Amino acid sequence: MTDTVLRIPLVDGPVDIRGALEIVPTAVGVLPRRLPQWTVAQSDLSMERQATAGSGVRLVFRTAARAVELDVLTTVPQMAVDEPNPDDAGMFEMTVGGEPFGVRKAPVGNVIQLDATYQEAGFLPGEPARVRFDGLPDGLKDVEIWLPQWVRTEIVALRADDAVEPSAAVPRRIWLHHGSSISQCNEAESPLGAWPVIAARAVGVEPVNLGLSGNCFLDPFVARSIRDTAADAISLKLGINFTSRAAYRLRTLGPAVHGFLDTIRDGHPDTPILLVSPIACPAVERTPGPTVWQEGIFTATGDPDQVAMGALTLEVVRAELRRIVTARAKQDPNIFYLDGLELLGLDEADEYLGEGLHPTPAGYRLIGERFAKLAFGAGGALAG
């Protein structure tokens, strides 16, 4: 039995699903997507897993309810087919009146089994399950339910023990951010621990987080998605994926960045754009990719002598991104550069990088707090 007897419509009703570029119907409910569905034909299964992960996505509404329930179907990636079935699908997190209220463990639903090259090797179907928040404070309040940042979450049903109405909060500036796994923040302890969410909550903007784990490659369909999305401020944190995968040489990187920016400018001619270079990553600071994992440590395998021939390291990428912004700023006064080492430097890598690449939860918090000050603080590029 449940006392949350009022079923709330998920579309065309009082609930606003924010942080997603499209909400699509599925066989069991609705799926928030962080890239539009049309991009599926131009991407691959790895990108699709990240585009349907929930980083920064939340349900927003106002209610006097004391209890709220979600029925959800998660889809969890499993890194090796010979491991036991996973028991971790991340966390749902609620805020009430803008303040953290609590977390609930996300149920494991479907399981995608991945081989050593991250290709899909199997699929174990699951069933929807229930997530319940109760003990909410009396009276009308604005509620947000944030989805797990690293798994796909189909929302099957929303119920409450009192009426739900649209949020009464004053509309805020929309900040759209694109980056890699370091922006998707799989390692954060909960959805509010993702650094773009930390920064957005600190400065009072609405985040749209297009951090796409392992998939920040200047893809044209991502640029078109950003072009067509409403935003008052845009940041692009570029470099670690295409450096670690040796996806570009210096000669091809510049035109690719310019093309990405040109496409965004087609839809956002005057919106402030902040280009952010990589945070510290000792393995590829002076050694080119490709990279491999050796005993859990991120290691570069490229030849440093090839840097003179155009191979990319993070030192080279930071200099090239700065050069591009400096050149474009002569005609575009609303483009800016931020050195990622100001967010997390080499002298902090041992403390804040868990395996030499991804920040720890404390590292994400540090990045979020610093970004809020550097980008949105007085004199910051996105201060508005």
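Cut-offs and rules
- Residues numbered from 1 in each chain as written.
- Predicted model: local features only at pLDDT ≥ 70, side-chain atom pairs only at ≥ 80, totals over all residues.
- Heavy atoms only, no water.
- Helix = DSSP H or I, 4+ residues; strand = E, 2+ residues; numbered from the N terminus.
- Buried < 20%, exposed > 50% of the residue type's maximum accessible area, 1.4 Å probe, protein only.
- Contact = heavy atoms within 4.5 Å.
- Areas by Shrake-Rupley, 256 points an atom, 1.4 Å probe, with all protein chains shown as cover.
- Axes fitted to C-alpha atoms, helices over the stretch in contact; angles between N-to-C directions.
- Parallel < 35°, antiparallel > 145°, perpendicular 65-115°, else oblique.
- Left-handed = near helix turned anticlockwise from the far one by under 90°.
- Patch = residues over 30% accessible without salt bridge, like charges linked within 9 Å, V, L, I, M, F, W, Y side chains within 5 Å.
- Salt bridge = Lys/Arg side-chain N within 4 Å of Asp/Glu carboxyl O.
- Core = buried A, V, L, I, M, F, W, Y, C linked by side-chain atoms within 4.5 Å.
- Phe/Tyr/Trp six-rings, centres within 6.5 Å; stacked < 30°, edge-to-face > 60°.
- Pairing = 2+ DSSP bridges.

Undergrad: Can you help me understand the overall build of the protein chain in this one?
TA: Secondary structure assignment for the protein chain yields nine helices and 21 strands. Seen through its C-alpha atoms, the protein chain measures out along the principal axes to roughly 70 × 50 × 40 Å. Counting across all 384 residues of the protein chain, residues that qualify as buried make up 56%. At a minimum sequence separation of 6, the contacts of the protein chain that also span at least 24 residues come to 76%. Roughly 16,000 Å² of accessible area belongs to the protein chain as shown, and the carbon and sulfur atoms make up 52% of that amount.

Undergrad: Sorry, what's going on with the packing of helix H4 (residues 220–227) against helix H6 (residues 250–267) here?
TA: For any two helices packed against each other, one specifies the inter-axial angle together with the distance between the axes. In the contact formed by H4 and H6, the axes pass within 7 Å of each other and the chain directions differ by 20 degrees. Here H6 runs roughly parallel to H4, going by the angle between their axes. Crossing hand, H4 versus H6: right-handed. For the pair H4 and H6, contact is made by Val-222, Ala-223, Arg-224, Ile-226 and Arg-227 and by Phe-260, Thr-263, Ile-264, Asp-266 and Gly-267, respectively.

Undergrad: What am I meant to see in a nonpolar patch on the surface here?
TA: Residues Met-79, Tyr-118 and Trp-293 make up a contiguous nonpolar surface patch of roughly 310 Å² in combined accessible area. Topologically, Tyr-118 is positioned in the loop between strand S9 (110–114) and strand S10 (120–124).

Undergrad: Sorry, what's going on with the nonpolar core here?
TA: Side chains of nonpolar character tend, in soluble globular proteins, to be buried together. With 40 residues, the main nonpolar core has Trp-175, Leu-274, Phe-371 and Leu-382 as its most contacted residues. Put simply, the parts of the chain that give this core at least two residues each are helix H3 (195–203), strand S18 (273–276), strand S20 (297–300), helix H8 (349–352) and helix H9 (361–376). Ranked by residue count, the leading element in this core is H9, at seven residues. By size, the runner-up hydrophobic cluster in this structure holds 36 residues, among which are Ala-231, Leu-238, Leu-253 and Ile-273.

Undergrad: I tried to follow the packing of aromatic side chains on my own but got confused; where do I start?
TA: How two aromatic rings sit relative to each other is given by the distance of their centres and the angle of their planes. Within this structure, the stated rule accounts for seven aromatic pairs. An angle of 45 degrees between the planes, with centres 6.3 Å apart, marks the rings of Trp-175 and Trp-195 as tilted. Note that Trp-175 is positioned in strand S15 (residues 174–179) and Trp-195 in helix H3, a separation of 20 residues in sequence. As far as burial versus exposure is concerned, Trp-175 and Trp-195 are alike and both buried. Plain terms: the ring middles of Trp-293 and Phe-298 are 5.1 Å apart, the flat faces sit at 55 degrees to each other, and that makes the pair tilted. Its relative accessible area of 8% is what places Phe-298 among the buried residues. Grouped by ring-pair contacts, the aromatic residues Trp-175, Trp-195, Phe-371 and Phe-376 constitute a single cluster.

Undergrad: Explain the sheet that holds strand S21 (residues 335–338) to me, please; I cannot follow it from the model alone.
TA: Backbone hydrogen bonds hold the strands of a sheet together, and the pairing may be parallel or antiparallel. The strand order across the open sheet formed by five strands is S16-S15-S17-S18-S21, and the pairing between neighbours is parallel. Strands at the two margins of the open sheet, each flanked by one partner only, are strand S16 (206–211) and S21. Between one strand and the next, the sheet's axes are offset by a mean angle of 15 degrees, whatever the strand orientation. Where S15 lies against strand S17 (residues 233–237), four bridges are found, and the strand directions are parallel. Each residue of the ladder has a partner; that of Trp-175, found in S17, is Ala-233.

Undergrad: Hey, could you run me through the pattern of salt bridges in this one?
TA: Side-chain pairing between opposite charges can occur once the charged atoms of the two side chains come close. In total, this model carries 25 salt bridges according to the counting rule given. Between Arg-159 and Glu-69 there is a salt bridge, and its shortest N-O distance comes to 3.1 Å. With Arg-159 in strand S13 (residues 152–160) and Glu-69 in strand S6 (residues 67–78), the pair connects residues that are 90 residues apart, well separated along the chain. Looking at Arg-159, the relative accessible area reads 9%, which means it is buried. Residue Arg-130 pairs with Asp-71 through a salt bridge whose shortest N-O separation is 3.0 Å. With Arg-130 in strand S11 (residues 129–134) and Asp-71 in strand S6, this pair connects stretches of sequence that are 59 residues apart. The class for Arg-130 is partly exposed, based on a relative accessible area of 46%. Judged by relative accessible area, which is 12%, Asp-71 ranks as buried. One connected set of salt bridges, linked through shared partners, spans Glu-69, Asp-71, Arg-130, Arg-132, Asp-134 and Arg-159.

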